[in-house]
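A closer look at the structure
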Amino acid sequence: MVKILVASFNRASDGALEKLVKKMKRKKIWTDDENEADYILACGDRTETFDFVLKMFRMNKKIIHLWAGELTHAEDEDEVYRSTQREFEHRRQRNRCNRQRSPCPC
């Protein structure tokens, strides 16, 4: 069975996730063990979330990302987020091409 770890480092989103986590626990798809998780549900775009997601990405975990996208007021930090997102998308496309054994347009 698929296991999902919910990564939220923001108290505001914790309340919004409470109902979802309860439902996931009932269906036995929730985990708090990052090694057991098949998917990481990352909420928000705080630095702590970004660091954790990057670590999970390097462990080849599938990432589900909610509640983000606003521009930050720190130019450098915003560019790091956006360039990393482009790299994630490039890797995802390259992996898809490799699975289909077709030439990669990227």
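Residues numbered from 1 in each chain as written. Predicted model: local features only at pLDDT ≥ 70, side-chain atom pairs only at ≥ 80, totals over all residues. Heavy atoms only, no water.

Here we look at the overall build of the protein
Scanning the protein from terminus to terminus reveals three helices and three strands. Reading the secondary structure of the protein in the N-to-C direction produces β-α-β-α-β-α. Within the span of the protein, comprising 106 residues, buried residues form 28% of the whole. Considering only residue pairs separated by 6 or more positions, the protein has 60% of its internal contacts joining residues 24 or more positions apart. Per element, the accessible surface of the protein, about 7,900 Å² overall, is 50% carbon and sulfur. (Helix = DSSP H or I, 4+ residues; strand = E, 2+ residues; numbered from the N terminus. Buried < 20%, exposed > 50% of the residue type's maximum accessible area, 1.4 Å probe, protein only. Contact = heavy atoms within 4.5 Å. Areas by Shrake-Rupley, 256 points an atom, 1.4 Å probe, with all protein chains shown as cover.)

Some details on a positive patch on the surface
Side chains of Lys19, Lys23, Arg26 and Lys27 sit close together on the surface and give a patch of like positive charge. Here arginine 26 lies in helix α1 (residues 11-26). (Patch = residues over 30% accessible without salt bridge, like charges linked within 9 Å, V, L, I, M, F, W, Y side chains within 5 Å. Salt bridge = Lys/Arg side-chain N within 4 Å of Asp/Glu carboxyl O. Lys, Arg positive; Asp, Glu negative; His and termini not counted. Charge placed at Lys NZ, Arg CZ, Asp CG, Glu CD.)

A closer look at helix α2 (residues 47-58)
Compared with the 16 Å implied by 1.5 Å per residue over twelve residues, the 17 Å span of α2 between its first and last C-alpha is a close match. Listed as buried for α2 are Thr49, Phe50, Phe52, Val53, Leu54, Met56 and Phe57. Looking one or two residues beyond α2, the residue adopting positive phi is asparagine 60, at roughly 65°. (Expected span 1.5 Å × (residues − 1).)

What to know about the pairing of strand β1 (residues 4-8)
Most of β1 is tucked away, with five of its five residues classed as buried. Residue alternation in β1 divides its side chains into two sets, Ile4, Val6 and Ser8 and Leu5 and Ala7, and both sets are buried.

Here's the deal with the confidence of the model for the protein
Averaged over all residues, the pLDDT of the protein equals 79, while 75% of them reach at least 70. Per-element averaging of pLDDT across the protein places helix α3 (residues 75-100) at the bottom with 71 and β1 at the top with 90. (pLDDT = per-residue confidence, 0-100.)

What about the packing of aromatic side chains?
One pass over the full model with this rule turns up zero aromatic pairs. When the ring centre of tryptophan 30 is taken as reference, the NZ or CZ atom of lysine 25 above it lies at 4.5 Å. Its end group placed over the ring of tyrosine 39, lysine 62 keeps NZ or CZ at 5.8 Å from the ring centre. (Phe/Tyr/Trp six-rings, centres within 6.5 Å; stacked < 30°, edge-to-face > 60°. Lys NZ or Arg CZ within 6 Å of the ring centre and 35° of its normal.)

With respect to the nonpolar core
Residues Ile4, Val6, Leu17, Val21, Met24, Leu41 and Cys43 constitute the largest nonpolar core, which totals seven residues. Taken together, the elements giving at least two residues each to this core come down to β1, α1 and β2 (39-43). Among the elements that make up this core, the one with the highest residue count is α1 (three residues). The residues contacting valine 21, other than those within four sequence positions of it, are Val6 and Trp30. (Core = buried A, V, L, I, M, F, W, Y, C linked by side-chain atoms within 4.5 Å.)

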